[in-house]
Amino acid sequence: AEVRKGYERVIRPRFADAAFFFDEDLKQGLSAMNEGLASVTYQQKLGSYADKVARVARLARAIALALDDAPLFADLAEVAALLCKADLQSRMVNEFPELQGVAGRCYAAHDAGLDELSAESRAAVAVALDEIYAPRFAGDAIASTRLGQVLAIAERLDTLAGGFAAGLKPSGNKDPFALRRNALGLARTLIEGGLDLNLVEMLDAAARLAYDAIGAQLERTRDSYAYGGFNAQDRTADLYDFILERLRGYFAERGVSAALFDAVAATRPLSLSDFAERLAALQRFAELPEAAALAAANKRARNILRKVEGALPEAIDPAKLIEPAERELYAALVAVLADTDVSLAARDYVAVLSRLAALREPVDAFFDSVMVMADDPAIRDNRLALLRGLVDRFAAVAAIEQLAA
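Residues numbered from 1 in each chain as written. Predicted model: local features only at pLDDT ≥ 70, side-chain atom pairs only at ≥ 80, totals over all residues. Heavy atoms only, no water.

A. Focus on helix α8 (residues 146–165). Here α8 spans 28 Å end to end across 20 residues, near enough to the 28 Å set by a 1.5 Å rise per residue. Of the residues one or two after α8, G167 is the one with positive phi, at around 80 degrees. (Helix = DSSP H or I, 4+ residues; strand = E, 2+ residues; numbered from the N terminus. Expected span 1.5 Å × (residues − 1).)

B. Fine view of the packing of helix α14 (residues 291–306) against helix α17 (residues 360–369). Closest axis-to-axis distance for the α14/α17 pair is 10 Å, and the angle between their directions is 45 degrees. In this view, α14 runs oblique relative to α17, as classed from their interaxial angle. As α14 packs across α17, the resulting crossing turns out to be left-handed. Across the interface between the two elements, A293, L294, A297, R300, A301 and I304 from α14 touch R360, V363, D364 and F367 from α17. (Axes fitted to C-alpha atoms, helices over the stretch in contact; angles between N-to-C directions. Parallel < 35°, antiparallel > 145°, perpendicular 65-115°, else oblique. Left-handed = near helix turned anticlockwise from the far one by under 90°. Contact = heavy atoms within 4.5 Å.)

C. Local environment of unusual backbone geometry. With omega at -5 degrees, the peptide bond leading from A134 into P135 counts as cis. Summarising the element assignment, P135 is placed in the loop between α7 (119–131) and α8. A positive phi angle, near 50 degrees, is found at A178, a position not held by glycine. In this structure, A178 sits in the loop between α8 and α9 (179–192). Of note in the backbone geometry, R347 takes a positive phi value of approximately 60 degrees without being a glycine.

D. Broad picture of the nonpolar core. Counting residues in hydrophobic clusters, the biggest one holds 118 residues, and the most contacted among them are F251 and L272. Counting residues per element, this core draws most heavily on α8, which supplies 10 residues. When residues no more than four places from it in sequence are discounted, the contact partners of L272 are A187, L190, I191, L199, I243, L244 and L247. (Core = buried A, V, L, I, M, F, W, Y, C linked by side-chain atoms within 4.5 Å. Buried < 20%, exposed > 50% of the residue type's maximum accessible area, 1.4 Å probe, protein only.)

E. The layout of surface pockets, seen in detail. Taken as a whole, the largest pocket spans an internal volume of roughly 450 Å³. What lines the largest pocket is a set of 20 residues, and nearest its centre among them are K85, Y133, E155, R181 and N182. Among the secondary structure elements, those contributing two or more residues to the lining of the largest pocket are α3 (49–67), α8 and α9. Tallying contributions element by element places α8 first for the lining of the largest pocket, with 3 residues. Put simply, the second largest pocket is a space of about 230 Å³. Along its surface, the second largest pocket is lined by 14 residues, and F137, A138, G139, L184 and R188 are the ones closest to its centre. Those elements giving two or more residues to the lining of the second largest pocket turn out to be α9 and α11 (232–252). Per-class residue counts for the lining of the second largest pocket are 5 nonpolar, 3 polar and 6 charged. (1 Å grid on protein atoms, 1.4 Å probe; cavity = no way out; pocket = protein on both sides within 12 Å on 5 of 7 lines; lining within 4 Å. Points joined across faces, edges and corners; volume = space filled by probe spheres on them. Nonpolar A, V, L, I, M, F, W, Y, C, P; charged D, E, K, R; others polar.)

F. How the structure looks around the environment of L203. Here L203 shows up in helix α10 (residues 199–221). What makes L203 buried here is its relative accessible area of 0%. With 144 residues separating them in the primary sequence, L203 and L59 have C-alpha atoms 9.9 Å apart. Setting aside residues no more than four positions away along its own chain, L203 makes contact with L157, T236, L239, Y240 and I243.

Right, here's the structure in full:
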(Lines give C-alpha, C1' and ligand atoms only; values in the text may rest on other atoms or scores of the structure.)
Protein backbone atom coordinates (compact mmCIF):
# COMPACT_ATOMS: atom_id res chain seq x y z
CA ALA A 1 0.00 0.00 0.00
CA GLU A 2 2.83 2.40 0.77
CA VAL A 3 4.53 1.62 -2.55
CA ARG A 4 1.22 2.28 -4.32
CA LYS A 5 0.88 5.65 -2.59
CA GLY A 6 4.41 6.57 -3.64
CA TYR A 7 3.69 5.77 -7.28
CA GLU A 8 0.43 7.69 -7.16
CA ARG A 9 2.20 10.79 -5.85
CA VAL A 10 4.47 10.65 -8.91
CA ILE A 11 1.94 9.62 -11.54
CA ARG A 12 -0.97 11.91 -10.68
CA PRO A 13 0.97 15.17 -11.25
CA ARG A 14 2.36 13.77 -14.49
CA PHE A 15 -1.14 12.95 -15.69
CA ALA A 16 -2.32 16.41 -14.63
CA ASP A 17 0.54 17.97 -16.62
CA ALA A 18 -0.33 15.84 -19.63
CA ALA A 19 -3.98 16.87 -19.46
CA PHE A 20 -2.97 20.53 -19.32
CA PHE A 21 -0.57 20.15 -22.27
CA PHE A 22 -3.21 18.32 -24.27
CA ASP A 23 -5.81 21.04 -23.73
CA GLU A 24 -3.35 23.81 -24.57
CA ASP A 25 -2.19 22.02 -27.72
CA LEU A 26 -5.78 21.59 -28.88
CA LYS A 27 -6.29 25.36 -28.58
CA GLN A 28 -3.27 25.89 -30.80
CA GLY A 29 -4.04 23.29 -33.51
CA LEU A 30 -1.73 21.40 -35.85
CA SER A 31 -1.50 24.19 -38.44
CA ALA A 32 -0.17 26.64 -35.87
CA MET A 33 2.28 24.04 -34.60
CA ASN A 34 3.44 23.53 -38.17
CA GLU A 35 4.39 27.17 -38.53
CA GLY A 36 6.96 26.79 -35.78
CA LEU A 37 8.87 24.10 -37.70
CA ALA A 38 10.55 26.75 -39.86
CA SER A 39 12.64 27.80 -36.85
CA VAL A 40 13.70 24.26 -35.89
CA THR A 41 16.81 22.91 -37.62
CA TYR A 42 16.49 19.39 -39.00
CA GLN A 43 20.09 19.14 -40.19
CA GLN A 44 22.53 21.94 -40.85
CA LYS A 45 23.04 21.15 -44.53
CA LEU A 46 19.41 20.18 -45.19
CA GLY A 47 17.61 23.07 -43.53
CA SER A 48 14.70 23.16 -41.12
CA TYR A 49 11.96 20.68 -40.29
CA ALA A 50 9.67 22.81 -42.45
CA ASP A 51 12.02 22.14 -45.37
CA LYS A 52 11.95 18.43 -44.62
CA VAL A 53 8.15 18.37 -44.43
CA ALA A 54 7.92 20.07 -47.83
CA ARG A 55 10.17 17.40 -49.36
CA VAL A 56 8.23 14.57 -47.72
CA ALA A 57 4.97 16.05 -49.03
CA ARG A 58 6.28 16.10 -52.61
CA LEU A 59 7.48 12.52 -52.33
CA ALA A 60 4.23 11.38 -50.71
CA ARG A 61 2.20 12.86 -53.54
CA ALA A 62 4.36 11.16 -56.17
CA ILE A 63 4.16 7.81 -54.36
CA ALA A 64 0.40 8.09 -53.94
CA LEU A 65 -0.06 8.80 -57.65
CA ALA A 66 2.15 5.82 -58.52
CA LEU A 67 -0.01 3.55 -56.35
CA ASP A 68 -3.37 5.02 -57.25
CA ASP A 69 -3.99 7.43 -60.09
CA ALA A 70 -6.92 8.99 -58.20
CA PRO A 71 -5.98 12.64 -57.51
CA LEU A 72 -8.02 12.65 -54.29
CA PHE A 73 -5.71 10.04 -52.72
CA ALA A 74 -2.65 12.06 -53.74
CA ASP A 75 -4.25 15.21 -52.28
CA LEU A 76 -4.89 13.39 -49.01
CA ALA A 77 -1.32 12.07 -48.92
CA GLU A 78 -0.02 15.60 -49.36
CA VAL A 79 -2.28 16.98 -46.61
CA ALA A 80 -1.14 14.28 -44.20
CA ALA A 81 2.53 14.73 -45.12
CA LEU A 82 2.39 18.48 -44.54
CA LEU A 83 1.24 17.78 -40.96
CA CYS A 84 3.55 14.84 -40.28
CA LYS A 85 5.98 16.73 -38.01
CA ALA A 86 3.61 19.31 -36.53
CA ASP A 87 3.38 17.56 -33.17
CA LEU A 88 7.10 18.14 -32.63
CA GLN A 89 6.05 21.68 -31.71
CA SER A 90 3.41 20.50 -29.25
CA ARG A 91 3.77 20.87 -25.49
CA MET A 92 2.89 17.21 -25.12
CA VAL A 93 5.75 15.90 -27.24
CA ASN A 94 8.15 18.43 -25.75
CA GLU A 95 7.40 16.91 -22.34
CA PHE A 96 6.88 13.31 -23.50
CA PRO A 97 9.07 12.76 -26.64
CA GLU A 98 8.01 9.13 -26.90
CA LEU A 99 4.51 10.32 -27.83
CA GLN A 100 5.66 11.71 -31.17
CA GLY A 101 3.20 10.47 -33.77
CA VAL A 102 0.72 9.34 -31.14
CA ALA A 103 0.15 12.99 -30.23
CA GLY A 104 -0.23 13.93 -33.89
CA ARG A 105 -2.86 11.24 -34.29
CA CYS A 106 -4.87 12.52 -31.34
CA TYR A 107 -4.62 16.18 -32.34
CA ALA A 108 -5.65 15.46 -35.93
CA ALA A 109 -8.76 13.71 -34.66
CA HIS A 110 -9.73 16.85 -32.70
CA ASP A 111 -8.35 19.64 -34.91
CA ALA A 112 -11.06 21.98 -36.14
CA GLY A 113 -8.73 23.00 -38.95
CA LEU A 114 -9.34 19.64 -40.63
CA ASP A 115 -13.13 19.97 -40.64
CA GLU A 116 -13.12 20.42 -44.43
CA LEU A 117 -12.12 16.75 -44.75
CA SER A 118 -14.72 14.01 -44.69
CA ALA A 119 -14.91 11.98 -41.50
CA GLU A 120 -13.28 9.05 -43.30
CA SER A 121 -10.44 11.15 -44.71
CA ARG A 122 -9.83 12.86 -41.40
CA ALA A 123 -9.61 9.51 -39.62
CA ALA A 124 -7.19 8.25 -42.28
CA VAL A 125 -4.94 11.32 -41.87
CA ALA A 126 -4.96 10.94 -38.08
CA VAL A 127 -3.87 7.29 -38.28
CA ALA A 128 -1.21 8.07 -40.89
CA LEU A 129 0.40 10.73 -38.65
CA ASP A 130 1.13 7.94 -36.18
CA GLU A 131 1.90 5.19 -38.69
CA ILE A 132 4.52 7.29 -40.48
CA TYR A 133 6.96 6.03 -37.81
CA ALA A 134 6.09 2.33 -38.26
CA PRO A 135 7.96 0.09 -37.89
CA ARG A 136 9.41 1.85 -34.86
CA PHE A 137 11.74 -0.97 -33.77
CA ALA A 138 12.92 -4.43 -34.80
CA GLY A 139 9.98 -6.80 -35.03
CA ASP A 140 7.40 -4.01 -35.04
CA ALA A 141 4.64 -4.17 -37.65
CA ILE A 142 4.65 -1.91 -40.70
CA ALA A 143 1.93 0.72 -41.18
CA SER A 144 -1.44 -0.99 -41.54
CA THR A 145 -3.12 1.57 -43.80
CA ARG A 146 -2.19 2.50 -47.36
CA LEU A 147 -1.95 6.21 -46.45
CA GLY A 148 0.28 5.37 -43.49
CA GLN A 149 2.50 3.28 -45.77
CA VAL A 150 2.81 6.15 -48.25
CA LEU A 151 3.93 8.53 -45.50
CA ALA A 152 6.29 5.95 -43.98
CA ILE A 153 7.97 5.43 -47.36
CA ALA A 154 8.19 9.14 -48.19
CA GLU A 155 9.64 10.04 -44.78
CA ARG A 156 12.31 7.33 -44.98
CA LEU A 157 13.20 8.17 -48.56
CA ASP A 158 13.90 11.75 -47.55
CA THR A 159 15.84 10.71 -44.45
CA LEU A 160 18.03 8.31 -46.43
CA ALA A 161 18.64 10.60 -49.41
CA GLY A 162 19.28 13.59 -47.16
CA GLY A 163 21.61 11.63 -44.93
CA PHE A 164 23.71 10.41 -47.83
CA ALA A 165 23.74 13.83 -49.49
CA ALA A 166 24.90 15.47 -46.26
CA GLY A 167 27.73 12.97 -45.87
CA LEU A 168 26.14 11.04 -43.00
CA LYS A 169 26.39 7.53 -44.47
CA PRO A 170 26.91 5.14 -41.53
CA SER A 171 30.40 3.89 -40.85
CA GLY A 172 31.16 1.30 -38.22
CA ASN A 173 28.86 1.79 -35.25
CA LYS A 174 28.14 5.42 -36.08
CA ASP A 175 24.67 6.02 -37.47
CA PRO A 176 23.37 9.28 -35.96
CA PHE A 177 20.34 9.48 -38.26
CA ALA A 178 19.48 5.78 -37.88
CA LEU A 179 19.84 5.32 -41.64
CA ARG A 180 20.23 1.54 -41.33
CA ARG A 181 16.96 1.26 -39.43
CA ASN A 182 15.25 3.61 -41.88
CA ALA A 183 16.48 1.58 -44.86
CA LEU A 184 15.13 -1.65 -43.40
CA GLY A 185 11.84 0.02 -42.47
CA LEU A 186 11.49 1.31 -46.03
CA ALA A 187 12.25 -2.10 -47.52
CA ARG A 188 9.89 -3.92 -45.17
CA THR A 189 7.05 -1.52 -45.92
CA LEU A 190 7.47 -2.02 -49.66
CA ILE A 191 7.76 -5.82 -49.44
CA GLU A 192 5.31 -6.65 -46.66
CA GLY A 193 2.86 -4.06 -47.94
CA GLY A 194 3.03 -5.58 -51.43
CA LEU A 195 3.71 -2.14 -52.92
CA ASP A 196 5.00 -2.48 -56.46
CA LEU A 197 6.85 0.82 -56.71
CA ASN A 198 9.94 1.65 -58.75
CA LEU A 199 12.49 2.06 -55.96
CA VAL A 200 15.17 3.46 -58.26
CA GLU A 201 12.86 6.24 -59.47
CA MET A 202 11.83 7.06 -55.91
CA LEU A 203 15.42 7.18 -54.71
CA ASP A 204 16.34 9.39 -57.65
CA ALA A 205 13.51 11.81 -56.85
CA ALA A 206 14.49 11.91 -53.17
CA ALA A 207 18.18 12.42 -54.01
CA ARG A 208 17.38 15.32 -56.33
CA LEU A 209 15.25 16.98 -53.66
CA ALA A 210 18.12 16.57 -51.20
CA TYR A 211 20.50 18.03 -53.79
CA ASP A 212 18.24 21.07 -54.19
CA ALA A 213 17.86 21.42 -50.41
CA ILE A 214 21.59 21.51 -49.80
CA GLY A 215 22.09 23.96 -52.64
CA ALA A 216 19.40 26.26 -51.27
CA GLN A 217 20.83 26.03 -47.78
CA LEU A 218 24.33 26.88 -49.00
CA GLU A 219 23.02 29.88 -50.87
CA ARG A 220 21.08 30.97 -47.81
CA THR A 221 24.00 30.63 -45.41
CA ARG A 222 26.86 31.21 -47.86
CA ASP A 223 28.48 28.14 -46.37
CA SER A 224 31.85 27.03 -47.71
CA TYR A 225 30.91 23.33 -47.58
CA ALA A 226 32.44 21.55 -50.61
CA TYR A 227 29.25 20.61 -52.38
CA GLY A 228 30.31 20.45 -56.00
CA GLY A 229 31.08 16.70 -55.94
CA PHE A 230 27.52 15.63 -55.18
CA ASN A 231 25.84 13.64 -57.93
CA ALA A 232 22.21 12.56 -57.53
CA GLN A 233 22.59 9.59 -59.87
CA ASP A 234 25.61 8.25 -57.97
CA ARG A 235 23.74 8.69 -54.70
CA THR A 236 20.80 6.71 -56.09
CA ALA A 237 23.05 3.72 -56.82
CA ASP A 238 24.66 4.01 -53.36
CA LEU A 239 21.27 4.18 -51.68
CA TYR A 240 19.99 1.17 -53.62
CA ASP A 241 23.00 -0.91 -52.58
CA PHE A 242 22.67 0.29 -48.99
CA ILE A 243 19.03 -0.85 -48.86
CA LEU A 244 19.87 -4.23 -50.42
CA GLU A 245 22.47 -4.83 -47.72
CA ARG A 246 19.80 -4.31 -45.08
CA LEU A 247 17.60 -6.80 -46.95
CA ARG A 248 20.32 -9.44 -46.86
CA GLY A 249 19.89 -9.89 -43.13
CA TYR A 250 16.11 -9.61 -43.38
CA PHE A 251 15.90 -12.55 -45.80
CA ALA A 252 18.65 -14.52 -44.02
CA GLU A 253 16.42 -14.56 -40.93
CA ARG A 254 13.78 -16.18 -43.13
CA GLY A 255 16.04 -18.99 -44.25
CA VAL A 256 17.23 -17.52 -47.57
CA SER A 257 20.84 -18.44 -48.38
CA ALA A 258 23.40 -15.85 -49.43
CA ALA A 259 23.72 -17.51 -52.86
CA LEU A 260 19.99 -17.18 -53.55
CA PHE A 261 19.98 -13.56 -52.40
CA ASP A 262 23.02 -12.68 -54.52
CA ALA A 263 21.49 -14.35 -57.57
CA VAL A 264 18.49 -12.02 -57.43
CA ALA A 265 20.45 -8.96 -56.28
CA ALA A 266 22.68 -9.28 -59.37
CA THR A 267 19.67 -8.45 -61.57
CA ARG A 268 18.98 -5.27 -59.53
CA PRO A 269 15.17 -5.36 -59.77
CA LEU A 270 13.58 -1.92 -59.80
CA SER A 271 10.88 -2.97 -57.33
CA LEU A 272 11.53 -4.64 -53.97
CA SER A 273 8.17 -6.38 -54.27
CA ASP A 274 9.48 -7.82 -57.54
CA PHE A 275 12.73 -8.71 -55.75
CA ALA A 276 10.80 -10.78 -53.21
CA GLU A 277 8.80 -12.53 -55.95
CA ARG A 278 11.97 -13.48 -57.83
CA LEU A 279 13.55 -14.75 -54.63
CA ALA A 280 10.55 -16.94 -53.79
CA ALA A 281 10.57 -18.41 -57.31
CA LEU A 282 14.31 -19.06 -57.17
CA GLN A 283 13.93 -20.88 -53.85
CA ARG A 284 11.49 -23.28 -55.51
CA PHE A 285 13.75 -23.66 -58.56
CA ALA A 286 16.76 -24.49 -56.35
CA GLU A 287 14.86 -27.52 -55.03
CA LEU A 288 14.47 -29.03 -58.51
CA PRO A 289 16.86 -31.85 -59.52
CA GLU A 290 17.81 -29.91 -62.66
CA ALA A 291 18.82 -26.77 -60.76
CA ALA A 292 22.45 -27.63 -59.96
CA ALA A 293 23.31 -28.77 -63.50
CA LEU A 294 21.66 -25.73 -65.09
CA ALA A 295 23.41 -23.37 -62.67
CA ALA A 296 26.76 -24.95 -63.55
CA ALA A 297 26.00 -24.77 -67.29
CA ASN A 298 24.95 -21.16 -66.95
CA LYS A 299 28.18 -20.37 -65.12
CA ARG A 300 30.17 -22.06 -67.86
CA ALA A 301 28.30 -20.13 -70.55
CA ARG A 302 28.84 -16.86 -68.69
CA ASN A 303 32.56 -17.51 -68.44
CA ILE A 304 32.78 -18.18 -72.18
CA LEU A 305 30.84 -15.04 -73.06
CA ARG A 306 32.87 -12.93 -70.66
CA LYS A 307 36.06 -13.74 -72.54
CA VAL A 308 34.70 -12.56 -75.88
CA GLU A 309 36.27 -9.33 -77.04
CA GLY A 310 33.96 -6.71 -78.47
CA ALA A 311 30.19 -6.85 -78.76
CA LEU A 312 28.50 -10.21 -78.29
CA PRO A 313 26.62 -11.55 -81.32
CA GLU A 314 22.85 -11.50 -80.94
CA ALA A 315 21.24 -13.06 -84.01
CA ILE A 316 21.15 -16.85 -84.35
CA ASP A 317 21.25 -18.21 -87.91
CA PRO A 318 19.62 -21.68 -87.95
CA ALA A 319 21.40 -22.47 -91.23
CA LYS A 320 24.77 -22.30 -89.48
CA LEU A 321 23.83 -24.83 -86.79
CA ILE A 322 25.91 -27.82 -87.85
CA GLU A 323 26.02 -30.22 -84.92
CA PRO A 324 22.87 -32.17 -83.90
CA ALA A 325 23.29 -31.05 -80.28
CA GLU A 326 23.30 -27.35 -81.16
CA ARG A 327 20.28 -27.79 -83.41
CA GLU A 328 18.45 -29.54 -80.58
CA LEU A 329 19.38 -26.81 -78.10
CA TYR A 330 18.25 -24.13 -80.54
CA ALA A 331 14.87 -25.83 -81.07
CA ALA A 332 14.40 -26.27 -77.32
CA LEU A 333 15.41 -22.67 -76.63
CA VAL A 334 13.03 -21.26 -79.25
CA ALA A 335 10.18 -23.25 -77.70
CA VAL A 336 11.10 -22.13 -74.18
CA LEU A 337 11.33 -18.48 -75.20
CA ALA A 338 7.89 -18.64 -76.79
CA ASP A 339 6.42 -20.41 -73.77
CA THR A 340 7.88 -18.04 -71.19
CA ASP A 341 7.34 -14.65 -72.83
CA VAL A 342 3.84 -14.28 -71.38
CA SER A 343 4.85 -15.64 -67.97
CA LEU A 344 7.80 -13.27 -67.80
CA ALA A 345 5.64 -10.28 -68.67
CA ALA A 346 3.20 -11.34 -65.93
CA ARG A 347 6.11 -11.80 -63.48
CA ASP A 348 5.20 -15.44 -63.00
CA TYR A 349 8.77 -16.36 -62.23
CA VAL A 350 7.89 -19.81 -60.91
CA ALA A 351 6.42 -20.72 -64.31
CA VAL A 352 9.44 -19.24 -66.14
CA LEU A 353 12.03 -21.15 -64.13
CA SER A 354 10.00 -24.36 -64.20
CA ARG A 355 9.88 -24.21 -67.98
CA LEU A 356 13.58 -23.35 -68.22
CA ALA A 357 14.38 -26.44 -66.15
CA ALA A 358 13.40 -28.52 -69.20
CA LEU A 359 16.55 -27.26 -70.96
CA ARG A 360 18.86 -29.36 -68.81
CA GLU A 361 19.26 -32.27 -71.23
CA PRO A 362 19.83 -30.26 -74.44
CA VAL A 363 22.21 -27.91 -72.56
CA ASP A 364 24.23 -30.84 -71.18
CA ALA A 365 24.35 -32.44 -74.62
CA PHE A 366 25.50 -29.16 -76.18
CA PHE A 367 28.45 -28.74 -73.83
CA ASP A 368 29.36 -32.43 -74.12
CA SER A 369 29.61 -32.50 -77.91
CA VAL A 370 29.97 -28.96 -79.28
CA MET A 371 33.09 -26.81 -79.37
CA VAL A 372 31.79 -23.28 -78.88
CA MET A 373 34.97 -21.45 -79.90
CA ALA A 374 35.17 -22.98 -83.37
CA ASP A 375 37.85 -21.88 -85.85
CA ASP A 376 35.23 -20.61 -88.30
CA PRO A 377 34.22 -17.11 -87.04
CA ALA A 378 30.68 -17.41 -88.41
CA ILE A 379 30.10 -20.77 -86.67
CA ARG A 380 31.68 -19.46 -83.48
CA ASP A 381 29.56 -16.30 -83.41
CA ASN A 382 26.41 -18.33 -84.04
CA ARG A 383 27.15 -20.58 -81.07
CA LEU A 384 27.95 -17.58 -78.89
CA ALA A 385 24.61 -16.05 -79.87
CA LEU A 386 22.92 -19.32 -78.89
CA LEU A 387 24.57 -19.24 -75.48
CA ARG A 388 23.67 -15.60 -75.07
CA GLY A 389 20.00 -16.35 -75.73
CA LEU A 390 20.16 -19.07 -73.08
CA VAL A 391 21.78 -17.01 -70.32
CA ASP A 392 19.71 -13.91 -71.09
CA ARG A 393 16.46 -15.75 -70.46
CA PHE A 394 17.70 -17.07 -67.14
CA ALA A 395 19.06 -13.61 -66.28
CA ALA A 396 15.59 -12.16 -66.83
CA VAL A 397 14.74 -13.79 -63.49
CA ALA A 398 18.02 -14.21 -61.62
CA ALA A 399 21.74 -14.84 -62.07
CA ILE A 400 21.43 -18.59 -61.45
CA GLU A 401 25.17 -19.09 -61.99
CA GLN A 402 25.46 -17.80 -58.41
CA LEU A 403 23.95 -21.14 -57.30
CA ALA A 404 26.79 -23.16 -58.84
CA ALA A 405 29.25 -24.61 -56.33
